[in-house]
Amino acid sequence: MELALKKGKAAVIVGAQWGDEGKGKIVDVLSEGFPVVARYAGGHNAGHTVIINGKKFVLQLVPCGVLRAGCYSVIGNGVVLDPLAFLKEVGGLRAAGVQVDGTLFVSNRAQVILPYHRMIELAAENAPGRVKIGTTSRGIGPAYEDKMGRRGLRVADLLDLKLLKTHWMRTRCMTSTRLPQKKSRRSFATRLHS
């Protein structure tokens with residue numbers, strides 16, 4: 001799908017404190033004047049609360065542009081995306097009456113957070129003798145490690161069942177989780193792209 005957009009102003013909001021600086025709230029204030037709001041990095045560890053017309057929305061992955069009429073929202077390839085968290089957030093937005101279809105786009109190159117990423121982060125955070133750094137244990141750091149090491153899965157890879165199975169078998173030693181049955185995998189891919 002090609003978006004017809006006018007050339008014009010652009011604003012980039014960048015945080016320098018590793019989160020919790022209020023970037024989302026600034027983007028929310030500015031989003032009224034832009035046709036596209038894109039998230040370029042990060043995961044679902046923090047988030048922000050947006051109140052529009054007296055209605056409260058808590059966003060962790062989805063850019064706040066989705067709450068603005070006539071605004072497109074993009075989750076870029078620098079984001080690490082937990083499919084279950086994403087589906088839950090999108091489901092909550094739909095239940096609240098927010099038009100998501102046709103306005104929210106996800107890069108097929110975004111890195112996917114898998115269950116073993118959460119397990120690795122939790123184990124590292126609680127390792128004996130380690131000073132805790134206070135992670136959310138949502139697997140964001142290990143997913144970025146896999147991205148940089150070129151061994152992780154991207155959103156596009158979720159549609160390649162052969163690749164998905166190969167990856168799952170390669171990483172199986174890290175987890176006791178079993179590969180979902182075919183019906184479950186298809187259902188997941190369908191929900192992700194609906």
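(A) Highlighting the overall build of the chain. Scanning the chain from terminus to terminus reveals 6 helices and 7 strands. Shown N-terminal to C-terminal, the secondary structure of the chain runs as helices and strands in the order α-β-β-β-β-β-α-β-β-α-α-α-α. For the chain, buried positions account for 36% of its 194 residues. By sequence separation, contacts in the chain at least 24 residues apart represent 65% of the contacts at least 6 residues apart. Approximately 12100 Å² of the chain is accessible, and the part contributed by carbon and sulfur atoms is 56%.

(B) Structural view of the nonpolar core. Counting residues in each nonpolar core, the largest one holds 28 residues, and the members touching the most others are Val 66, Leu 67, Phe 86, Leu 93 and Leu 104. Put simply, the parts of the chain that give this core at least two residues each are β2 (48–52), β3 (55–59) and α2 (83–95). Here the element with the most residues in this core is α2; it accounts for 5 residues.

(C) Examining helix α4 (residues 140–148) more closely. Of the residues making up α4, those classed as buried are Ile 140, Pro 142, Ala 143 and Asp 146. The buried residues of α4 occupy an angular sector of 165° when the element is viewed end-on, so they sit on one face. Across from the buried face of α4, at angles greater than 90 degrees, the exposed residues are Glu 145 and Met 148. With its phi angle positive at about 55°, Arg 150 sits one or two positions after the end of α4.

(D) Just unusual backbone geometry, in detail. Here Asn 53, not a glycine, exhibits a phi torsion of approximately 50°, which is positive. Note on placement: Asn 53 falls in the loop between β2 and β3. For Ser 137, which is not a glycine, the phi torsion comes out positive at approximately 60°. With relative accessibility at 21%, the residue Ser 137 sits in the partly exposed group.

(E) Layout of the packing of aromatic side chains. In this structure the tally under the stated criterion is 1 aromatic pair. Arranged with centres 6.0 Å apart and planes meeting at 50°, the rings of Tyr 72 and Phe 105 form a pair that is tilted. Of this pair, Tyr 72 sits in strand β4 (residues 72–75) while Phe 105 sits in strand β6 (residues 104–106), and the two are 33 residues apart along the sequence. Owing to a relative accessible area of 25%, Phe 105 belongs among the partly exposed residues under this scheme. In this structure, Lys 9 is placed above the aromatic ring of Phe 34, and the distance from its NZ or CZ to the ring centre is 5.3 Å.

(F) The arrangement of the packing of helix α3 (residues 115–125) against α4 in detail. Contact geometry for α3 and α4: axes closest at 7 Å, N-to-C directions at 115°. Crossing angle aside, the handedness with which α3 passes α4 is right-handed. Counting all contacts with α3, which are made through Tyr 116, His 117, Ile 120 and Glu 121, the residues of α4 involved are Ile 140, Gly 141, Pro 142, Ala 143 and Asp 146. Its residues placed into classes, the contact of α3 with α4 shows 5 nonpolar, 2 polar and 2 charged.

(G) Local environment of the pairing of β2. Alternating residues of β2 divide into His 48, Val 50 and Ile 52, all buried, and Thr 49 and Ile 51, none buried. What sits between β2 and β3 in their antiparallel hairpin is a turn of 2 residues, with Asn 53 showing a positive phi close to 50°.

(H) How the structure looks around helix α1 (residues 23–31). Inspection of α1 places Gly 24, Asp 28 and Ser 31 among the buried residues, and these make up the whole buried set. Taken down its axis, α1 places every buried residue within 70° of arc, on the same side.

Cut-off values and rules
- Residues numbered from 1 in each chain as written.
- Predicted model: local features only at pLDDT ≥ 70, side-chain atom pairs only at ≥ 80, totals over all residues.
- Heavy atoms only, no water.
- Helix = DSSP H or I, 4+ residues; strand = E, 2+ residues; numbered from the N terminus.
- Buried < 20%, exposed > 50% of the residue type's maximum accessible area, 1.4 Å probe, protein only.
- Contact = heavy atoms within 4.5 Å.
- Areas by Shrake-Rupley, 256 points an atom, 1.4 Å probe, with all protein chains shown as cover.
- Core = buried A, V, L, I, M, F, W, Y, C linked by side-chain atoms within 4.5 Å.
- Arc of directions from axis to C-beta.
- Phe/Tyr/Trp six-rings, centres within 6.5 Å; stacked < 30°, edge-to-face > 60°.
- Lys NZ or Arg CZ within 6 Å of the ring centre and 35° of its normal.
- Axes fitted to C-alpha atoms, helices over the stretch in contact; angles between N-to-C directions.
- Left-handed = near helix turned anticlockwise from the far one by under 90°.
- Nonpolar A, V, L, I, M, F, W, Y, C, P; charged D, E, K, R; others polar.
- Pairing = 2+ DSSP bridges.

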